[in-house]
Each structure stands twice: as structure tokens, then as C-alpha cells.
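The residues making up each chain are set out below.
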Amino acid sequence: MARERVAILGGGPAALACAWQLSSSASLRDRFEITVFEMGHRLGGKTASSRDEQGRILEHGLHILFGFYESFFRLVREAYAELDRPPEHPLATWRHAFHPDGLGGLWETLGAGGPVLFQYPRDGGVPGDGREPRPRDHALHMVLGCLQVLGGYGPFQQVEAALFPSGESWRSLGARSPSEATLPRLRRRVHRLARLLERGAGERVIVAAIDGLRPALHAALERHQDSGLTLGLVFADLWLSLARGVLVDDVLGVGGFQAIDHLEWTDWLGQHGAHPCSLGSSMGQAVHDAAFSFIDGDPARPSVAAGAAARGQLAAYTYRGAGFFKMQAGMGEAVLAPLYLGLKRRGVRFAFFHRVEALRLDPTGRRIQAVDLRRQVELREGPLSYRPLVDVDGVECWPEEPLWDQAVEVQGHGSVESYWSQRPGLAQRLELGQDFDRVVLGIPVGALPRVCGDLIAASPRWARMVEQVGSIATVAAQLWFDQDLESLGWPHPPTLLSRLPPPLTTWCDMSHLLKLERLHGVEARQLSYLCGTQSGPFLAPRPEDDPDFPRREHARLVDDCELFWDQHLRLFLPRAGRERLVSSYLRVNCEPHARCSLALPGTLSARIAPGDTGFDNLVICGDWTDNRLYLACAEGSVRSGVMAASAISGQGFPIG
Ligand SMILES: Cc1cc2nc3c(=O)[nH]c(=O)nc-3n(C[C@H](O)[C@H](O)[C@H](O)COP(=O)(O)OP(=O)(O)OC[C@H]3O[C@@H](n4cnc5c(N)ncnc54)[C@H](O)[C@@H]3O)c2cc1C
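These figures come from a predicted structure and were not determined experimentally.

Visitor: An account of the overall build of the chain is requested, with residue identities and associated values reported.
Guide: Within the chain, the regular secondary structure consists of 22 helices and 24 strands. Burial status across the chain gives 51% buried among its 656 residues. Look at the contacts in the chain between residues 6 or more apart in sequence, and 76% of them connect residues 24 or more apart.

Visitor: How would you summarise the site of the ligand if you had to cite specific residues and measurements?
Guide: In the vicinity of the ligand there are 40 residues, among which G10, G12, G45, G61 and G622 approach most closely. Those elements giving two or more residues to the shell around the ligand turn out to be α1 (13–22), β11 (354–361), β18 (474–481) and α22 (634–649). Its residues assigned to classes, the shell around the ligand comprises 19 nonpolar, 15 polar and six charged.

Visitor: Describe the sheet that holds strand β2 (residues 32–37), and please don't skip the residues or the numbers.
Guide: Within a sheet, neighbouring strands are paired by backbone hydrogen bonds and run either parallel or antiparallel to one another. Sheet architecture is open: five strands sit in the order β10-β2-β1-β16-β24, paired in parallel fashion. The outermost strands of the open sheet, each flanked by one partner alone, are β10 (349–351) and β24 (618–620). With direction set aside, neighbouring strand axes in the sheet form an average angle of 20°. Bridge count between strand β1 (residues 4–9) and strand β16 (residues 438–441): four bridges; the pairing is parallel. Bridging from a neighbouring strand, A7 pairs with V439 of β16. Packed onto the sheet, α1 meets β1, β2 and β16 and runs at close to 165° relative to β2. The strands touched by α22 are β1, β16 and β24; relative to β24, the strand with the most contacts, the crossing angle is about 160°.

Visitor: Talk me through unusual backbone geometry; I want residue IDs and the actual numbers.
Guide: Cis geometry marks the peptide bond from P502 to P503; its omega dihedral reads 5°. If you check the backbone angles, D84 has positive phi at about 50° while not being a glycine. The exposed category is assigned to D84, around which 8 C-beta atoms lie within 10 Å. In this structure, R628 is a non-glycine residue whose phi angle is positive, near 70°.

Visitor: Lay out the environment of R639 with the relevant residues and their values.
Guide: Its location among the elements puts R639 in helix α22. Overall, the presence of 26 C-beta atoms within 10 Å leaves R639 in the buried class. Those residues in contact with R639 that sit more than four places away from it in its chain are S71, N627, R628, L629, I655 and G656.

Visitor: Talk me through the pairing of β18; I want residue IDs and the actual numbers.
Guide: The buried count for β18 comes to eight of eight residues, which makes it a mostly enclosed element. Residues T474, A476, Q478 and W480 point to one face of β18 and V475, A477, L479 and F481 to the other, with burial holding for every one of them. Pairing of β18 with strand β21 (residues 526–533) involves eight bridges; the strand directions are antiparallel. Among the inter-strand pairings, A476 is bridged to a residue of β21, identified as C531. The pairing of β18 with strand β22 (residues 581–589) spans eight bridges and is antiparallel. Across the sheet, the residue bridging to W480 is S583, located in β22.

Visitor: Kindly report on the sheet that holds strand β12 (residues 368–375), identifying the contributing residues and their values.
Guide: Ordered by their spatial adjacency, three strands build an open sheet running β11-β12-β15, and the pairing between neighbours is antiparallel. Every interior strand has two partners, whereas the edge strands, β11 and β15 (426–431), have only one. Going from strand to strand, the sheet's axes swing by 20° on average, the running direction of each strand aside.

The rules behind each value
Residues numbered from 1 in each chain as written. Predicted model: local features only at pLDDT ≥ 70, side-chain atom pairs only at ≥ 80, totals over all residues. Helix = DSSP H or I, 4+ residues; strand = E, 2+ residues; numbered from the N terminus. Buried ≥ 20, exposed ≤ 12 C-beta atoms within 10 Å, placed from the backbone. Contact = placed C-beta atoms within 7 Å. Near = placed C-beta within 6 Å. Nonpolar A, V, L, I, M, F, W, Y, C, P; charged D, E, K, R; others polar. Pairing = 2+ DSSP bridges. Axes fitted to C-alpha atoms, helices over the stretch in contact; angles between N-to-C directions.

This is how it looks when you write it as C-alpha cells:
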């Protein structure tokens, strides 16, 4: 029997996950012939990274993989297992490529200000091993977590130690301040709530207990502004509000997270009792930073749907092994090359340099009849022949520039990954029945107005989705310094630190990559990755309307960074002057497809699920689809790819 031809458009993590799942058994490989059409010379989209001529790893932005990424880690582990690399390979197994970590922090502006660090406790689990806990467990875990922080016992003692660096604890502070009547009272109430939970009390009793302790909590908060204790109280206040909201609004029940989709995250927490001081704190605002979620990129206008944020917070709490994992190479090397090599072995075909220009409907308006492409580069050995990887010290890497020696001739100029590129290319049309039977659309939402005009005109659901699911430009910086972290003035171990001043609001020490990079001609001892948002409009302009846009945006980033180096770098690296900088890489992700998807209040219901597009032979995947996680991340993307594969094959592959 002829195999069904599946054309996957786009080569990001969602599309690759779909290809992986759809080729995961011999019987599936007998059923489907899969071709991935990618506009660029590499895979990964917003997770792509590459090596430049100096040996540097250049990333789209900082990427951290969280311990709750069940689908993502399952995919990665399967890919490494299938590759079965020799032990001498620098990234022989997934364990070589991902190291458990968990030291995170926020730059807190409350009181005297400064870093507040959290050490997420390790556990014996392995991400990718199993499913998430049942929904009710989420809420109870969360409440227990708050109580453990407040009470200063159990596995959260490490968190408490970070919150009270002087060695004091909630309990000792309470005991040392007998005149502060609110503290012992609060402690008694906390212990009562803990006992209720241990006895498995019902949700109504728990909510009443939370409400009962709140006045004492707020009184303590107001009394203790500026002290280390405030941070612990703020932390508990926020988590208790989240727990209360989850229980009262039954978001784990019938209405689901969409029931609170119309509300902004901090407004919703406020409705469930959080103190304004907690809401305005860095802890209260941390989700906005993590999700790049600011209206028009304006730091003064944070906004994220309560449902999406609550879902993300709850999921994050279910991590296995470690709070997060740090890659021991670039994302391209640790994740995308193994996936690509595994897919090639399974017979999946790759058409690099193929830019999708339009999806065309048939006269009934119910099926994709054709896909218009532009082949940006002609290859010597045919359109599917590109070999994209290079060997750098035994590791398969993606070069920063296409490997032009495989091309017939190089025409035009500009990046093959840019909608602003000036490459004439060859127009090509894929026809239903001849070239494909099914289409998987893995192109990001920001680019859909260009690519899916017919679909948007034919379907009000599509029009609503494209109009409402917003995206935002992001910025990233990589800095190589000639002194180590300690000499530059950071007194703690390598940390993932958020809530820094814009535009580079998140910082992570990545010096462990230096040994892999071995820069040519430069001695670097510390490597910093930073990223954040770029202010600007809800939609990227059309290239024909504003040909100079990418250049201007990059110039703006350079100016903003100058200011950042002068004013803010010293907050966390006080001895890192410009004279210490030996190399840098700045990047603005302002292209329609490079923008980060947003989960703004009132928009989750506009998302379309991968298998429910309304068009017979089309499924979709990406972090912008209804993948039940909503915040843009590698896990949401992989989940959507798995959902797309389930819809095509009729097999219910596990998610989460
Ligand atoms: C700065 C930054 C930092 C991030 N950090 C993290 C993090 O720490 N952890 C985390 O989990 N997530 C992080 N994310 C989010 C994560 O990168 C995305 O959620 C994920 O990459 C989305 O995957 P996707 O497959 O949906 O889309 P994409 O990754 O955008 O992939 C889409 C693909 O489609 C291709 N394409 C686009 N247009 C066309 C066309 N016309 N024709 C053919 N191909 C086309 C693109 O080239 C690309 O390969 C970050 C995102 C950004 C922007």
C-alpha cells in the first residue's frame, strides 16, 4: 500500500516532535512518508543554536530545561538511546548533555534590594519517566510547600536557608521576637493548617484555614517590611493565594484553566487574598519575566493570563530529579542534532532552504490543496541533499552560516532564515495527492498572517486565533569575560537570576561551556547569557512596508545594551567593566517567526488544538496552539507535536 505523504512545514521543536512520534514504530514508518520543509539551514527555530568560526556557541536566547518537562525529556532520552553513541563521544548519553541544577533567584526590589536565591531541592526522580501527578495532588503539594517554607521544616529547609541567609529561620525569628504578637499566632495557625493537610482534610476546610491565617500573615508582612522575613512572608502569601484560587475556582475541575483565562495573573492572585506588597514584589512578577509577557514589550505593562500562569506554576512544582537542567553544549548540539540524526536514520526527509509562502485551499474551502514554497538555495545533489552538520571536536554542530559549498550557486543576499532576505529563489508548488496527503503546520503564529491568508479568510476561528494570540520580540546577549565569576564579583555559585532591569532581565552563568568552545585566540574565563524583551508593537511589520526594520531593531538593542553595561551590569557583576569583556554576541529576535508567543488574558480560548483545525488534511503544532500548557516553552512545543502526531495517526501517544 502507498504510504501517506506528510508534509511538515517548519523545523522547530514542535514539528520535530511530531516527526519523531509519527516515525516511532516500524508500522508507523510503513504508513507515513514524512518530509520536513524548513526555510533555514538548521533546525530548532527559537531553540536553534550554532557554532561560528571562532568556536563560539551562538544561541537564539538562553535556554533552560525544567525538570517538569516530561514530554521534552522523553523525546530527548529516546533520541539518545536510539543513537547509541560510543562512550568516548563528548555527548554520549542524555546525562552527559543535561546536568541537574536548581539554584535560581530573583533580583528583589523590596527593602534594600538584592538577589534572593532559591535552591530547588533535588529528588531521586528522572524527568521523562512518567506522568504528572493527579490534579488534586498539585494543589495540595502547593499548599504543603508554602507551609513548609513558612514553618521551616521538611525538604524545604534549603529554600528557607536561602531566604534567610543569616541562618535565621521563620521559627527562630518568631521565637526571638516575643513582643511581636502576630508571629507566634501566625505560626500556630500554620501548624494547624499543616495538621489539617496531613489528615487529608477536604478542600473547604483547607480554604477556611488559609483564610484564617491570612490576617496574621498580612499583619506580619506590614510590620516587617525591609527585613529578610518579608521575603518569606511574600513567598507564602503568593503561594497560598495560588492554592486558594486553584481550589475555590476549581481550575483543576470542570472549568479548567480557561475558566480564569480572562483575568490577569496578579489580579487573580489579588482576588484570592494576596497583599499588594506581594503582588508588586519580584516574586509576584516573576512569571511575566519568564514568559516575556509584557504588552508591547513595555516593562511597565506586565500581563499574562491567570490560567496560563497558574498552569505553569503548578506544572513547575511537579519536577522530577531537579528544578531545572542546564545543557552542557548548545541547544543545537544537545537536542537538535541528536533528533535530526535519529530522524534521518528513521527515513524522515529534510528539505532545508524551503520557505513556505502560502497554504492554498481547494474550492470546497475544507482542505489544503497546495503549498507554495520558495527554494532559496539550489543544491548540487538535489533539493533534499543538504548535509547540515559539521564536526567540532567530535560533536555534531550546526554552523552559523549555510555550508555554501553544497550549493550550485549563491544568489542574492541576506539570511536564509529571514523574511527580509533578498534571495530570488525558485518558486515551487506542492500539490495534494501528488506531493502530499496531509500537512502539519509548525510555523509560528507571528508568521501566519503571511502564510495562511486563505485560511484566515475562510475561517473565523483562524482569524480570531491569529488576531488574538500575540507574540513579542525578544533580545539576547552572550558575554565572554577574561575573569571568572568570583573575580567579577558574584559571591554565589552559578545562578539563574531573573527580574533584573530591562531589557536583559534574566541572567545565567554558562561558564561550563567554555571548555567545549575553546575560543580561537581569546582567553575567556566567564560566560554570561542574558535575555529579555524588546519593546515594540504587537505584530511585526511586513518586510515590504519597512525594509529597514531588522537593522534598526538591532541598532536599538546595541544602544540599550550600552546603557545596561553602564548602569545595571554592576548590580550582579560589580567588577565586570567593559575592559574585562573579550567577546560578545547580541541578537534581536524581531522577525515574525522569531517572536515569542504570548498567553495574554482572554486569549487562551482563541487557540486551536493541534487536531481540531477545521480543515480535513491539516494539523498544527507549536507553542501557540492549545497544547494545555500555554506559556511558550520547549515542553509546550513538544506536547503540541505529540498531539499533532496523535491526530494524524489515530494513536493516543502519551503527553506530559
Ligand atoms: C529568547 C528566548 C528564550 C527562550 N528560553 C526558553 C527556555 O529557557 N526554556 C524553554 O523551554 N523555552 C524557551 N523559549 C521558548 C522556546 O524557544 C519556544 O517555545 C520554542 O522554540 C517554540 O517551538 P515551535 O516549534 O513552536 O516554534 P519555533 O521554535 O519558532 O520553530 C518554528 C520553525 O519554523 C520555521 N519557519 C518559520 N517560517 C517558515 C516558513 N515560512 N517556511 C518554512 N519554515 C519556516 C523556523 O525557521 C523554525 O525552524 C525561549 C524563547 C525565546 C524567544
